[in-house]
Amino acid sequence: MIYSILTLFDIILILTMLWLAWCLLNTEDIFKAVVLFISFGLLMALAWVRMRAPDVALAEAALGAGLTGPLFLSALRRMNRTRKGERRLDSDENREKEHKANQEQG
Amino acid sequence: MKTEKKSIRRIRNRGKRLDAWQLLLLFLLLCLTTVLGTIIWTMPENTSGLTDAVARLQEQSGVESPVTAVLLNFRGYDTLLEVMVLLLAVIGAWSLAKAPFSGQAADTGPVQMGVVRLLVPLMFLVAAYLVWQGSHLAGGAFQGGAILGAAGVLLLVTELLFLPAIPALPLRIGLVFGPLLFVVIALFCLCLTGHLLGYPEQAAGGLILLIETACAISIGLTLASLFAGGHPEDDHPQSVNPTEHSDKEEWP
Amino acid sequence: MITTLLYSMTGLLLFAMGLFTLFIHSHPLRKILAVNVMSTGVFLIMVATAYKPMPLGNIDPVPHAMVLTGIVVSVSVTALALLLACRVQETSNLDLLERKKQARIPEESRR
């Protein structure tokens, strides 16, 4: 009896994980993908507990949710800021202008 | 404008419908998955692996948790190299850019400040408990270090004003402290017992706890500075300036 | 036994999905996410092979220790990869890329 309940739990967990992974790998919106990845990591922590690996579960819960998510989010923010043109001054033409100005000064 | 929209839509549709190369790729991937699946399917059942070997040597290891024993005693060399990898990652991140601090106070609400004030000390406490617990239950240097790193991320996200003013030298010392202590203990054991990381049996527990504490601090700092995304502000202000000048002069 | 098999196959599927996405998509963040999903799949397979149900005795701690190291390393590698991706995007010539893209669009619409 207990085994059948556990197997049912396994199957539900696995299907949810696969569905989340599919969604996060195929959505158009990267922000949505990152948020889905965080929830995917939390479900993974649940799976580690089910596999009788509490050490790995602790590490995954702290790292997967507490660190990887913010890392991706901050990287996303930096990239969007670049794309909107705040720091687009790095293009080659501007660089050439700068060099010319430097040479004229020197 | 219309043609542009149409072409954009066409490209998007093309992305959804796979072209020939992608279909070939999918086919190859399916083959690989099938082969790997058969291997997993036909793997021998009920092998005990290294469970018995670990259980036999558990008493000599100085700790009660089998995972910690494997991590820091039986396969300590792995962990040593792994801590080095973390250090290398920080060096790589620091060589790329300076940490992008805004320099002005962010408009953090009172709720956020309250949460930070409550959570950060609690996280330090939990991290210390996890490191201590590692000797007999689930826990250890990595979990404790991860919690410390998360606390650092919380502080960084709040953009407190004192964070960019953290001097670089103590930070560097903190980053190197864990790996250095690990190497020193390994070499000490090499002198004492003739094996790298072969702890003397009576002192094993204490040495492991020492290494774990140092590594947890270093791992926490490592993860937090990886999140900060660059080297700190005051990296040798005297010595940097002349090199910058010479760079500009040599530039074609 | 069924549990080991279920989780191993899940790990395998995750690995395959991640690999496919890694090849198909071009956005760097998506690629890094795909690599993370792949590594999760590998960890899942490793831990699942060490699993035993409760009455059959203790589990094998060696794969657990390896996976634990692997998770920490994968997080640090992810951080470095994200920094590199940001750096690439900041320093690459965006105008040139956009011009190339616009030049490619009419060419493809002609086909």
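Just so it is clear, the model here is predicted, and its values are computed rather than measured.

A.B. asks: Which parts of the structure should I look at to understand the overall build of chain A?
C.D. replies: A count of helical and extended segments in chain A gives 4 helices and 0 strands. N-terminal to C-terminal, the α/β element order of chain A is α-α-α-α. Here chain A holds 106 residues, and 35% of them are scored as buried. A separation of at least 24 residues holds for 39% of the contacts in chain A among residues at least 6 apart in sequence.

A.B. asks: Looking at this structure, how should I read the overall build of chain B?
C.D. replies: Regarding its fold elements, chain B presents 10 helices and 0 strands. When the helices and strands of chain B are read in sequence order from the N terminus, they spell out α-α-α-α-α-α-α-α-α-α. Residues classed as buried in chain B amount to 29% of the 252 residues present. Of the contacts formed within chain B by residues at least 6 apart in sequence, a portion of 77% connects residues at least 24 apart.

A.B. asks: Explain the interface of chain B and chain A here, please?
C.D. replies: Accessible area lost upon the coming together of the parts is a frequently used measure of interface size. Opposite the 14 residues of chain B that make contact, chain A presents 10 residues. Every element with two or more residues in the side of chain B that touches chain A is listed here: helix H7 (141–158) and helix H9 (204–228) of chain B. The class makeup of the residues in the side of chain B that touches chain A is 10 nonpolar, 4 polar and no charged.

A.B. asks: I would appreciate a short explanation of the interface of chain A and chain C in the present structure.
C.D. replies: Across the boundary between the two partners, chain A contributes 37 residues, which contact 39 residues of chain C. For the side of chain A that touches chain C, the secondary structure elements donating two or more residues are helix H1 (2–26), helix H2 (30–50) and helix H3 (54–84) of chain A. Counting residues per element, the side of chain A that touches chain C draws most heavily on H3(A), which supplies 14 residues. Taken together, the residues that form the side of chain A that touches chain C break down as 24 nonpolar, 4 polar and 9 charged.

A.B. asks: How should the confidence of the model for chain A be read in this particular structure?
C.D. replies: When pLDDT is low, close inspection of the predicted coordinates is not appropriate. All names here are of chain A. Residue-level pLDDT values for chain A average 81, and 74% of them are 70 or greater. The secondary-structure element of chain A with the lowest mean pLDDT is helix H4 (residues 92–105), recorded at 57, while H2 shows the highest, at 93. In this model, residues 85–95 is a region of pLDDT below 50 whose contacts with residues beyond four sequence positions or in other chains number 12 contacts.

A.B. asks: Help me understand the nonpolar core, please; the structure alone is not making it clear to me.
C.D. replies: Across soluble globular proteins, nonpolar side chains show a tendency to be buried alongside one another. A:Ala59, B:Ile147 and C:Val47 are the most contacted members of the largest nonpolar core, which has 110 residues in total. Once you skip the residues sitting within four places of it in the chain, C:Val47 turns out to touch A:Trp48, A:Met51, A:Ala53, A:Val56, C:Pro63, C:His64 and C:Val67.

A.B. asks: Looking at this structure, I do not really get the environment of B:Glu212. What am I missing?
C.D. replies: Within the secondary structure, B:Glu212 is located in helix H9. Considered as a pair, B:Glu212 and B:Leu72 are 140 residues apart in the sequence and their alpha carbons are 8.4 Å apart.

A.B. asks: How should the packing of helix H5 (residues 76–96) of chain B against helix H8 (residues 168–193) of chain B be read in this particular structure?
C.D. replies: Residues and elements named next belong to chain B. Interaxial distance between H5 and H8 falls to 10 Å at its minimum, and their mutual angle equals 150 degrees. The angle between the axes of H5 and H8 places the two elements in the roughly antiparallel class. Pair H5 / H8 crosses with left-handed handedness. Residues Leu80, Val83, Met84, Leu87 and Val90 of H5 touch H8, and the partners they reach there are Leu175, Gly178, Pro179, Phe182 and Ala186. Taken together, the residues that form the contact of H5 with H8 break down as 9 nonpolar, 1 polar and no charged.

A.B. asks: Just checking my understanding: could you explain helix H6 (residues 110–133) of chain B for this structure?
C.D. replies: Residues spaced three or four apart along an α-helix point in a common direction, a consequence of the helix completing one turn every 3.6 residues. All names here are of chain B. In this model, H6 (24 residues) spans 34 Å end to end at C-alpha, consistent with the 34 Å of a helix rising 1.5 Å per residue. Listed in full, the buried residues belonging to H6 are Met123, Val126, Ala127, Leu130 and Val131. On the buried face of H6, the contacting elements are H7 and H9.

A.B. asks: Can you walk me through the packing of helix H3 (residues 51–61) of chain B against helix H4 (residues 66–74) of chain B in this structure?
C.D. replies: Each packed pair of helices is defined by two parameters, the angle between the axes and the distance between the axes. All names here are of chain B. Following both chains from N to C, one finds H3 and H4 inclined at 70 degrees, their axes separated by 10 Å at the closest point. With respect to each other, H3 and H4 are oriented roughly perpendicular. Mapping the contact onto sequence places Val54, Leu57, Gln58 and Ser61 in H3 and Pro66, Ala69, Val70, Asn73 and Phe74 in H4. Of the residues belonging to the contact of H3 with H4, the class tally is 6 nonpolar, 3 polar and no charged.

About the cut-offs
- By convention here, each chain's residues receive numbers from 1 onward along its written sequence.
- Written order decides the labels, with chains lettered from A and ligands numbered from 1.
- Only residues with pLDDT of at least 70 are given local features in this predicted model, and only at 80 or more are side-chain atom pairs given and counted; all residues enter the totals for whole chains, interfaces and linings.
- Only DSSP runs of H or I with at least four residues qualify as helices, and only runs of E with at least two residues qualify as strands; both kinds are numbered from the N terminus onward.
- With C-beta atoms placed from the backbone, a residue counts as buried when 20 or more other C-beta atoms lie within 10 Å of its own, as exposed when 12 or fewer do, and as partly exposed for counts between those limits.
- We call two residues in contact if the C-beta atoms placed from their backbones are at most 7 Å apart.
- Following the grouping adopted for this structure description, the nonpolar residues are Ala, Val, Leu, Ile, Met, Phe, Trp, Tyr, Cys and Pro, the charged ones are Asp, Glu, Lys and Arg, and the polar ones are all others, Gly among them.
- Known as pLDDT, the predictor's confidence for each residue is given on a scale from 0 to 100.
- One nonpolar core equals one set of buried Ala, Val, Leu, Ile, Met, Phe, Trp, Tyr and Cys residues connected by C-beta atoms within 7 Å.
- To obtain each axis, a line is fitted to C-alpha atoms, and for helices this fit is confined to the stretch in contact; angles are then taken between N-to-C directions over 0 to 180 degrees.
- Every angle not falling under 35 degrees, over 145, or within 65 to 115 is termed oblique; those three ranges are roughly parallel, roughly antiparallel and roughly perpendicular.
- Handedness of a crossing follows from how the near helix is turned relative to the far one, being left-handed for an anticlockwise turn of less than a right angle and right-handed for a clockwise one.
- By this rule the span expected of a helix is its residue count minus one, scaled by 1.5 Å.

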